[in-house]
Amino acid sequence: MGAQRDDSVWIRRFHPAPESRARLICLPHAGGSASFFFPMSQTLSSSADVLCVQYPGRQDRRQDPLIENIGEYADAIAAELKPWLDLPVVFFGHSMGAVLAFEVTRRLEEAHAEFSALALFASGRRAPSRYRDENVHRRDDDGVVREMKLLSGTDSRVLGNEEILRMAMPAIRGDYKAIETYRSAPGAAVRSPITVLTGDNDPRTSLEEAQAWRSHTTGPFDIRVFPGGHFFLAGHQGPIMSLVAEKLSGLRP
């Protein structure tokens, strides 16, 4: 089974930890790549075997067919993760990745009656039942770049090189289409506990929209608010990683 797992084009293990007793699965934002979570993998590799999901259409998967639908994304990721469920799991998803973590968890719970994640961290995203009329995916390239600059603020580490960003535009646009056209199933909820992380100045997620995640779990719910915008986590890596480490160890916050 190990060879099959490690051959997956969807999974990056930057710091393999085969002796770990838990597994952390990280899902990046729209336009993001697995390497966004390299620092988290590096820091938490002593607490878990960290898997970072690599979406198609970027970096070493640049030639792979794009996915422009959250349901298709979640189906594919859930299928890829099934061989990795031999350990307790914590999900961490940021922005579009938060919705994907939720939808992947839903699928795994439906397929495996005994499955429940230790925690699902939903970072930087309003609840699945909260919608806005957004159409970034229909803008020209300059319009998409402006949106990404708005969300990243002054942190150039998040935005990255603009030339490379434009090369990745098809994948970025496809991700925006996926998340902007997403609609959750009525009453969609998971058994797994949900911890919401949100920035107090995020232009795309209000506090009320973040708190609405409460209705999407039948298990425990928690919300943590941090100073900052959409990519608030870049400035609060220490406390956020400590919180994830607590969940990985099975401790309550």
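Parameters at a glance
Residues numbered from 1 in each chain as written. Predicted model: local features only at pLDDT ≥ 70, side-chain atom pairs only at ≥ 80, totals over all residues. Heavy atoms only, no water. Helix = DSSP H or I, 4+ residues; strand = E, 2+ residues; numbered from the N terminus. Rg over C-alpha atoms; globule rule 2.2 N^0.38 Å. Buried < 20%, exposed > 50% of the residue type's maximum accessible area, 1.4 Å probe, protein only. Axes fitted to C-alpha atoms, helices over the stretch in contact; angles between N-to-C directions. Parallel < 35°, antiparallel > 145°, perpendicular 65-115°, else oblique. Left-handed = near helix turned anticlockwise from the far one by under 90°. Contact = heavy atoms within 4.5 Å. Nonpolar A, V, L, I, M, F, W, Y, C, P; charged D, E, K, R; others polar. Salt bridge = Lys/Arg side-chain N within 4 Å of Asp/Glu carboxyl O. Phe/Tyr/Trp six-rings, centres within 6.5 Å; stacked < 30°, edge-to-face > 60°. Pairing = 2+ DSSP bridges. Right-handed = clockwise from strand over helix to strand, strands pointing away. Polar contact = N/O pair within 3.5 Å; in protein donor to acceptor, adjacent residues only side chain to side chain. 1 Å grid on protein atoms, 1.4 Å probe; cavity = no way out; pocket = protein on both sides within 12 Å on 5 of 7 lines; lining within 4 Å. Points joined across faces, edges and corners; volume = space filled by probe spheres on them.

Participant: How should the overall build of the protein chain be read in this particular structure?
Facilitator: Of regular secondary structure, the protein chain possesses ten helices and seven strands. A globule of 253 residues ought to have a C-alpha radius of gyration of about 18 Å, and the protein chain, at 17 Å, matches this closely. Judged by the C-alpha coordinates and their principal axes, the protein chain covers about 45 × 40 × 35 Å. Looking at the protein chain as a whole, 53% of its 253 residues are labelled buried.

Participant: Explain the packing of helix α3 (residues 70–81) against helix α4 (residues 96–111) to me, please; I cannot follow it from the model alone.
Facilitator: Packed helices, taken two at a time, are described by the angle their axes make and the gap between the axes. Between α3 and α4, the shortest axis-to-axis distance is 9 Å and the interhelical angle comes to 60°. Classified by the angle between their axes, α3 and α4 sit oblique to one another. Classified by chirality, the crossing of α4 by α3 is right-handed. On the side of α3, the interface is formed by Ile70, Gly71, Tyr73, Ala74, Asp75, Ile77, Ala78 and Leu81, while α4 contributes Met96, Val99, Leu100, Glu103, Val104, Arg107 and Leu108. When its residues are assigned to classes, the contact of α3 with α4 shows eleven nonpolar, one polar and three charged.

Participant: I would appreciate a short explanation of the pattern of salt bridges in the present structure.
Facilitator: Opposite charge on two side chains permits them to pair, given that their charged atoms come into close proximity. Overall, the coordinates contain 19 salt bridges when judged by the stated rule. Salt-bridge contacts for Arg106 lead to Glu110; the nearest nitrogen and oxygen are separated by 3.7 Å. Of this pair, Arg106 and Glu110 both sit in helix α4, separated by four residues, roughly a single helical turn. A relative accessible area of 16% means that Arg106 is categorised as buried. One continuous salt-bridge network, built from bridges that share partners, spans Asp75, Glu103, Arg106, Arg107 and Glu110.

Participant: How should the packing of aromatic side chains be read in this particular structure?
Facilitator: Counted under the stated rule, the structure contains nine aromatic pairs. A ring pair is formed by Tyr55 and Tyr73, whose centres lie 5.1 Å apart and whose planes are at 55°; its orientation type is tilted. Highlighted residues: Tyr55 in the loop between β3 (49–53) and α3 and Tyr73 in helix α3, separated in sequence by 18 residues. Here the two residues Tyr55 and Tyr73 agree in accessibility, since each one is buried.

Participant: Quick question: what am I supposed to make of the pairing of strand β2 (residues 23–27) here?
Facilitator: The side chains of a regular strand alternate, first on one face of the sheet and then on the other. The buried fraction of β2 is high, at five of five residues. A two-sided burial pattern is seen for β2, the buried positions comprising Arg23, Ile25 and Leu27 on one face and Leu24 and Cys26 on the other. For β2 and β3, the ladder comprises four bridges, and the chain directions are parallel. Note on β3: the bridge partner recorded for Leu24 is Val50. Chirality of the crossover, the property in question, places the unit of β2, helix α2 (residues 38–44) and β3 among those that are right-handed.

Participant: Where do I start with the side chain of Asp175 in this structure?
Facilitator: Along the chain, Asp175 turns up in helix α8 (residues 169–180). For Asp175, the side chain forms a polar contact with the main-chain nitrogen of Gly31, separated by 2.7 Å. Asp175 has contacts with His29, Ala30, Gly31, Gly32, Tyr55, Arg58, Ile67, Tyr73 and Met96, leaving out every residue within four places of it along the chain.

Participant: Which parts of the structure should I look at to understand the side chain of His137?
Facilitator: Take His137: it is sitting in the loop between β5 (119–123) and α5 (141–152). Under the relative-accessibility criterion, His137 is labelled buried at 14%. Once residues within four sequence positions are removed from consideration, His137 is found in contact with Arg173, Tyr176, Lys177, Glu180 and Thr181.

Participant: Explain empty space enclosed by the protein to me, please; I cannot follow it from the model alone.
Facilitator: Over the atoms a probe the size of a water molecule is rolled, and this reveals where empty space is left. Tallied over the full model, the rule gives one cavity of 30 Å³ or more. Of the volumes computed, that of the largest cavity is approximately 70 Å³. Arg125, Arg126, Ala127, Pro128, Arg130, Tyr131, Arg132, Glu134, Ile179, Glu180, Tyr182 and Arg183 together form the lining of the largest cavity. In terms of residue class, the lining of the largest cavity is made up of five nonpolar, no polar and seven charged.

Participant: I keep staring at the sheet that holds β2 and nothing clicks. Help me out?
Facilitator: Two pairing modes exist for strands in a sheet, parallel and antiparallel, and in both the strands are linked by backbone hydrogen bonds. Pairing within the open sheet is mixed, and its seven strands lie in the order β1-β3-β2-β4-β5-β6-β7. The open sheet has two edge strands, β1 (11–12) and β7 (221–226), and neither has a second partner. Summarising the sheet, β1 and β3 pair through two bridges and their orientation is antiparallel. Across the sheet, the residue bridging to Ile11 is Val53, located in β3.

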